[in-house]
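Chain by chain, the residues:
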Amino acid sequence: MEDPVLLSGTDGCGTKVKLAIIMDKHDTIGIDAVAMCVNDVACAGGEPLFFLDYIACGKNYPEKIAMIVKGVAEGCKMSECALIGGETAEHPGLMPEEDYDLAGFSVGVIDRKDMITGQDIKDGDTLVAIASSGVHSNGFSLVRKVFEKELTKEGLSTYYDELGKTLGEALLEPTRIYVKALKSVKKAGVKIKGCSHITGGGFYENVPRMLPEGKQAVIRKDSYEVPSIFKLMAKKGQVEEKMMYNTYNMGLGMVLAVDLADVDKTMEAIKAAGETPYVVGEIKDGEKGVTLC
């Protein structure tokens, strides 16, 4: 590298942890913690180098902690970064014995010339999105409100035909890690002009972050199939559509802006990394922001 730049990201899994506690299933929540950090690093063009986790718990149950860390290690393997340490802190009196919270941070590196800044985005560029695995790790306060009556081990073990799995399985599905997909696009020789990780705040808060002034992202809602879990939540919780798109990824975990001439190469590179891409819209001149139509 001619001019290496360090990038870092820190995050947690939000109240998704509460569902893991109810279901007593702790082996995937660590993947979420890694994903939320490394996806942000990758979004700026960086390759994650290492990750550290922090677990706060009411009481240290070694088997439970081992399961959590197993998930963290799995997430690090998936993102090709090293798990170099962490901290487990017991907080008796501050947290109930069964409760815990999980957070972490990652540091990555990028050559300054390869950073994804959004500054070169122009009218006519194409938006290519990568499919999410479900709700990921955002908006779980609303999830818990919608499924308030189902928040028991029995309720979360209920099978839903439209989901093809139990409610708990659908909601605990780990956040996709997009590091390999973005590396694959870069290796294909494509310049990613802008990249948006669709996390808390959904499309309305995250997509504008990658845009320069005077450019607008236009995303077509019918360009892909919205996953069943979001349809179920909107229907059951009577959540209006704009609120859904302002809270959740709605099936798209990462949105990239690329030159029209690079669309095919981008799609092939994402598929080669084992992910599902969609052409979802384009960039137009106009007031900075996102339009969903």
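Here, the structure is the one placed above.
Below is a short write-up of the structure.

## Section: the environment of G168
Inspection of the secondary structure assignment puts G168 in helix α6 (residues 167-172). Through-space distance from the C-alpha of G168 to that of I270 is 29 Å; in sequence the pair is 102 residues apart. Ignoring any residue separated from it by four or fewer positions in sequence, one finds G168 in contact with M23 and L156.

## A look at helix α1 (residues 16-23)
Judged by how many residues are buried, α1 sits mostly within the fold: six of eight residues are covered. Listing the buried residues of α1 in full gives K16, V17, L19, A20, I21 and M23. Here the buried face of α1 lies against α2 (29-43), β4 (100-111), α4 (140-146), α5 (153-156) and α6. Where α1 terminates, the next one or two residues include D24, which has phi positive at roughly 55°.

## Structural notes on the packing of aromatic side chains
This structure, assessed with the given rule, holds three aromatic pairs. Between Y224 and Y278, the aromatic rings sit 5.7 Å apart at their centres with planes inclined by 45°, giving tilted as the arrangement. Of the two residues, Y224 sits in the loop between β9 (215-219) and α9 (228-237) while Y278 sits in strand β11 (residues 277-285), which places them 54 residues apart along the sequence. On the basis of relative accessibility, which here comes to 8%, the residue Y224 falls in the buried class. With a centroid separation of 5.9 Å and an interplanar angle of 50°, the aromatic rings of F230 and Y248 are classed as tilted. Placement of the pair is F230 in helix α9 and Y248 in the loop between α10 (241-245) and β10 (252-258), with a sequence separation of 18 residues. No difference in accessibility class separates F230 from Y248, as the two residues are buried. Here the basic side chain of K221 rests over the ring of Y245, its NZ or CZ set 5.7 Å away from the ring centre. It is K242 that lies over the ring of Y204; its NZ or CZ is 5.0 Å from the centre.

## Here we look at unusual backbone geometry
You will see that E80, though not glycine, has its phi angle at about 55°, which is positive. Among the structural elements, E80 can be located in the loop between α3 (62-78) and β3 (82-90).

## Considerations on the side chain of T28
Mapped onto the secondary structure, T28 falls in the loop between α1 and α2. On the basis of relative accessible area, T28 is assigned to the buried category, the value being 12%. In contact with T28, other than residues within four places in its own chain, are L172 and P174.

## Structural notes on the nonpolar core
Core analysis: the biggest nonpolar cluster contains 55 residues, and L171 and F203 have the highest contact counts within it. The element that contributes the greatest number of residues to this core is α1, accounting for five residues. Counting 30 residues, the second largest nonpolar core, distinct from the first, contains F51, I130, A181 and V190.

## A few points about helix α7 (residues 179-187)
Among the residues of α7, V179, A181, L182, K183, S184 and V185 are the ones counted as buried. Its buried side turned inward, α7 meets α2, β2 (47-57), β5 (126-131), β8 (194-197), β10 and α11 (263-272). Positive backbone phi, at 85°, marks G189, one or two positions downstream of α7.

## Examining the sheet that holds strand β12 (residues 289-292)
Strand order across the open sheet formed by six strands is β8-β10-β5-β11-β9-β12, with mixed pairing between neighbours. Unpaired on one side and paired on the other, β8 and β12 mark the two borders of the sheet. With strand direction ignored, the average angle separating the axes of adjacent strands in the sheet is 25°. Taken together, the five bridges between β9 and β11 define a ladder with antiparallel strand orientation.

## Some points on the pairing of β11
The pairing of β5 with β11 spans five bridges and is classified as antiparallel. Directly across from A129, in β11, lies its bridge partner Y278.

## Observations concerning the sheet that holds β2
Reading across from one edge, β1-β4-β2-β3 is the order of the four strands in this open sheet, with mixed pairing throughout. At either margin of the open sheet sits one strand with a lone partner, and together these are β1 (4-12) and β3. On average, each strand axis in the sheet is tilted by 15° relative to the strand beside it, whichever way the strands run. Strand direction decides the pairing type here: β1 and β4, joined by nine bridges, are antiparallel. Within the sheet, the bridge partner assigned to G12 lies in β4 and is A103. On top of the sheet, α3 reaches β2, β3 and β4; it is set at about 165° to β2, its chief contact.

Conventions adopted
- Residues numbered from 1 in each chain as written.
- Predicted model: local features only at pLDDT ≥ 70, side-chain atom pairs only at ≥ 80, totals over all residues.
- Heavy atoms only, no water.
- Helix = DSSP H or I, 4+ residues; strand = E, 2+ residues; numbered from the N terminus.
- Contact = heavy atoms within 4.5 Å.
- Buried < 20%, exposed > 50% of the residue type's maximum accessible area, 1.4 Å probe, protein only.
- Phe/Tyr/Trp six-rings, centres within 6.5 Å; stacked < 30°, edge-to-face > 60°.
- Lys NZ or Arg CZ within 6 Å of the ring centre and 35° of its normal.
- Core = buried A, V, L, I, M, F, W, Y, C linked by side-chain atoms within 4.5 Å.
- Pairing = 2+ DSSP bridges.
- Axes fitted to C-alpha atoms, helices over the stretch in contact; angles between N-to-C directions.

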